[in-house]
Amino acid sequence: MKILSWNVRGLGRPQTVGRLKNKLRAINPRILFLIETKLSAKKMEMVRRKYGYENGIDIGSMGSKGGLSLGWRGNSLIKLISFSSFHIDVEVNDTDCGNKWRLTGFYGNPDARGRSESWNLLNHLSPSNSLPWVVLGDFNEIANSFEKKGGRRHSERQMSAFRMALEIDHLTHSFSDHFSILLDTMGVEKFDPKGHFRFEAKWCLELNFEELVRDWWFDSCEDIPNRLEQLGQKMQAWNKNRGRAERRKRVCLEDRLDYLYKQDISYDILTEIAEVQLDLNLEADKEELFWEQRARVNWLKNGMDDRIFSLVGQRVTDCMNANLTKSFSEEEVCNILNGIREVGDINKTCIVLIPKTDKPKTMSQFQPISLCTVIYKIIAKMMVNRMSDILRDCINESQCAFIPGRLISDNVLIAYEVLHSLKMKKSGRKGNFALKLDMSKAYDRVE
């Protein structure tokens, strides 16, 4: 089971809301603990439910400070023990591990003068339960002096009160200056470098990436499938080396920014600060794109919300489904071909590029065509024949092309009628307008 904790520093900004949503889709935690929401309890409850956490405890902010929210999925997962403006203490019925344990979401007093009250609260919570105990959140304190850069030294007494053992992973952050914390009671899945190649969208933000891909492609003299395989291997190797350099670059940029802030203000210093901040924002955009891409993958893996499916009406009846899933008969095969011969792999195809012009120079001047095996064509044709009888019931009437009994020219007549009505309208306070869409994708070009 995964538990995510994050000091969001206010949920009033659309950027923070969007990035938190992407993190939740990518990680899919069962328990979510948010700190410094800076929202009232009522508004925070609306936000929590929007993220998909129907059950929860929301504590409103004190003016423009504070605010806690603990949300979870599952009615029997959480049992409330106690709460205050600085903590939420619950008992977790972890069915994944098969036992119960205690979770305390903690928020240390941001005022140093009230820090001792936070430690007294923590000491008061400590002996109240014999279950295994996990405390996570934002303590507004450091455990050791080396965790802090610059400024005056913390007292050893305050740091010793803060030290406690937690098994945690720190995740990247962007708009909030606090890292989010991921606690996984089932351990962390290890990445298999020998797995399938996956293209990372954030690579496109690298300035020299397009040039690198072009060089890697033309360095090989193999056929296209082997070139693609070699290209993927080179991208993975490049990404592995770039990842280390990227982490070092981010640390250097942060150190440089801290150094510039301590210098006397001048035009050159301000210019360099702006440049360093732009570089840091670019690194944050890469991390955000990384999480956004995984959010889509996790959304597809775990399925859409049942509420979305409930809005879609059923088009395929049980009778239609039974007709689609029944075994193919010998008669259906004979209707396609009278006889067949053994050929190679069924799914093996050959892609051929047919030139559209006499002297093609770019890929857009070629028309690709896929040459399939006979068995593949038989299977595909039988499936098409079987599905063609129910396509009219499944596809909306506004789609006129590629459906038996419908003509794409019907849309032309409708367009003329719409434009005619627009021209004839001479009076009235409410006007109408038409949009001309120019699409170039599936079927070459449509205006």
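Residues numbered from 1 in each chain as written. Predicted model: local features only at pLDDT ≥ 70, side-chain atom pairs only at ≥ 80, totals over all residues. Heavy atoms only, no water.

As recorded in an unreviewed UniProt entry, the protein chain goes by Reverse transcriptase and comes from Gossypium australe.

J.: Just checking my understanding: could you explain the overall build of the protein chain for this structure?
T.: A tally of helices and strands in the protein chain yields 13 helices and 12 strands. In the protein chain, buried positions account for 28% of the 447 residues. In the protein chain, once contacts between residues fewer than 6 apart in sequence are set aside, the share between residues at least 24 apart is 56%. Of the roughly 31,100 Å² of accessible surface on the protein chain, 55% is carried by carbon and sulfur atoms. (Helix = DSSP H or I, 4+ residues; strand = E, 2+ residues; numbered from the N terminus. Buried < 20%, exposed > 50% of the residue type's maximum accessible area, 1.4 Å probe, protein only. Contact = heavy atoms within 4.5 Å. Areas by Shrake-Rupley, 256 points an atom, 1.4 Å probe, with all protein chains shown as cover.)

J.: Can you walk me through the side chain of T104 in this structure?
T.: As for its position among the elements, T104 is in strand 7 (residues 99–107). Within the structure, T104 has its side chain in polar contact with the side chain of W133 (distance 2.7 Å). Apart from the residues lying within four places of it in its own chain, the contact partners of T104 are H87, I88, D89, L125, W133, V134, V135 and L136. (Polar contact = N/O pair within 3.5 Å; in protein donor to acceptor, adjacent residues only side chain to side chain.)

J.: Please explain the environment of Q314 as it appears in this structure.
T.: For Q314, the location among the structural elements is in the loop between helix 8 (306–310) and helix 9 (318–325). With a relative accessible area of 66%, Q314 lands in the exposed category.

J.: Mind showing me how you'd approach the packing of aromatic side chains here?
T.: For any two aromatic rings, the description comes down to two numbers: the centre-to-centre distance and the angle of the planes. On inspection of all chains with the given rule, the structure shows seven aromatic pairs. Taking 6.0 Å as the distance between ring centres and 55 degrees as the angle between the ring planes, the aromatic pair formed by F199 and F209 counts as tilted. Residue F199 is found in the loop between strand 10 (181–184) and helix 5 (209–219), and its partner F209 is found in helix 5; the two are separated by 10 residues along the sequence. Judged by relative accessible area, F209 falls into the buried class, the value being 7%. Feature note: the residues F199, W203, F209, W216 and W238 constitute an aromatic cluster, connected by ring pairs. In this arrangement the basic side chain of R73 is found over the ring face of Y53, its NZ or CZ atom lying 4.3 Å from the centre. Over the face of the ring belonging to W133 we find R102, whose NZ or CZ atom lies 4.5 Å from the ring centre. (Phe/Tyr/Trp six-rings, centres within 6.5 Å; stacked < 30°, edge-to-face > 60°. Lys NZ or Arg CZ within 6 Å of the ring centre and 35° of its normal.)

J.: Any chance you could explain empty space enclosed by the protein here in plain terms?
T.: Rolled over the atoms, a probe as big as a water molecule pinpoints where empty space is left. Tallied over the entire structure, the rule returns two cavities of 30 Å³ or more. Looking at the second largest cavity, the residues that line it are L32, M44, R48, Y51, Y53, S69, L70 and G71. Among the elements of the structure, helix 2 (41–50) and strand 4 (68–72) are those that each provide at least two residues to the lining of the second largest cavity. Sorting elements by how many residues they give to the lining of the second largest cavity places strand 4 first, with three residues. For the lining of the second largest cavity, the residue count by class is five nonpolar, two polar and one charged. (1 Å grid on protein atoms, 1.4 Å probe; cavity = no way out; pocket = protein on both sides within 12 Å on 5 of 7 lines; lining within 4 Å. Points joined across faces, edges and corners; volume = space filled by probe spheres on them. Nonpolar A, V, L, I, M, F, W, Y, C, P; charged D, E, K, R; others polar.)

J.: Would you mind going over the confidence of the model for the protein chain with me for this structure?
T.: Atomic detail in the predicted coordinates should be set aside for any region of low pLDDT. Averaged over the protein chain, the pLDDT score is 76; the fraction of residues at 70 or greater is 77%. Mean pLDDT across the elements of the protein chain bottoms out in strand 9 (residues 169–170) (42) and peaks in strand 4 (91). This model gives residues 164–177 a pLDDT under 50, and the stretch forms 40 contacts once residues within four places in sequence are excluded. In the predicted structure, residues 339–344 sits below a pLDDT of 50 and forms four contacts with residues beyond four places in sequence or in another chain. (pLDDT = per-residue confidence, 0-100.)

J.: What am I meant to see in helix 11 (residues 374–387) here?
T.: Compared with an ideal rise of 1.5 Å per residue, which puts 14 residues at 20 Å, helix 11 spans 20 Å between its outermost C-alpha atoms and is within 8% of the ideal. Of all the positions in helix 11, only I375, I378, M382 and R386 are classed as buried. Looking straight down helix 11, one finds that the buried residues subtend no more than 60 degrees of arc, so they occupy a single side. (Expected span 1.5 Å × (residues − 1). Arc of directions from axis to C-beta.)

J.: Sorry if this is basic, but what is going on with the sheet that holds strand 7 here?
T.: The pairing of strands in a sheet happens through backbone hydrogen bonds and is either parallel or antiparallel. The strand order across the open sheet formed by four strands is 5-6-7-8, and the pairing between neighbours is mixed. The sheet is open, and its two edges are formed by strand 5 (78–84) and strand 8 (133–138), each paired on a single side. Ignoring strand direction, the axes of neighbouring strands in this sheet form an average angle of 20 degrees. Bridge analysis of strand 6 (residues 87–94) against strand 7 gives eight bridges, and the strand direction is antiparallel. Looking at the pairing, V92 lines up with W101 of strand 7. Sitting on the sheet, helix 3 (residues 115–125) is in contact with strand 5, strand 6, strand 7 and strand 8, with an inclination near 170 degrees to strand 7. (Pairing = 2+ DSSP bridges. Axes fitted to C-alpha atoms, helices over the stretch in contact; angles between N-to-C directions.)

J.: For this particular structure, what's the right way to read the nonpolar core?
T.: Buried together is how nonpolar side chains tend to be arranged in soluble globular proteins. Ranked by internal contacts, the top residues of the largest apolar core, which has 22 residues, are I3, I31, I88, V90, V92, W101 and L103. Membership of the second largest hydrophobic core comes to 15 residues, among which are L4, V8, L20 and I27. (Core = buried A, V, L, I, M, F, W, Y, C linked by side-chain atoms within 4.5 Å.)

J.: Can you walk me through a nonpolar patch on the surface in this structure?
T.: Taken together, the side chains of V352, I354, I369 and L371 define a hydrophobic patch exposed on the protein surface, amounting to about 290 Å² of accessible area. Mapped onto the nonpolar patch, the elements with two or more residues apiece are strand 11 (350–355) and strand 12 (366–371). Here L371 shows up in strand 12. Accessibility expressed as a relative area gives 43% for L371, which makes it partly exposed. (Patch = residues over 30% accessible without salt bridge, like charges linked within 9 Å, V, L, I, M, F, W, Y side chains within 5 Å. Salt bridge = Lys/Arg side-chain N within 4 Å of Asp/Glu carboxyl O.)

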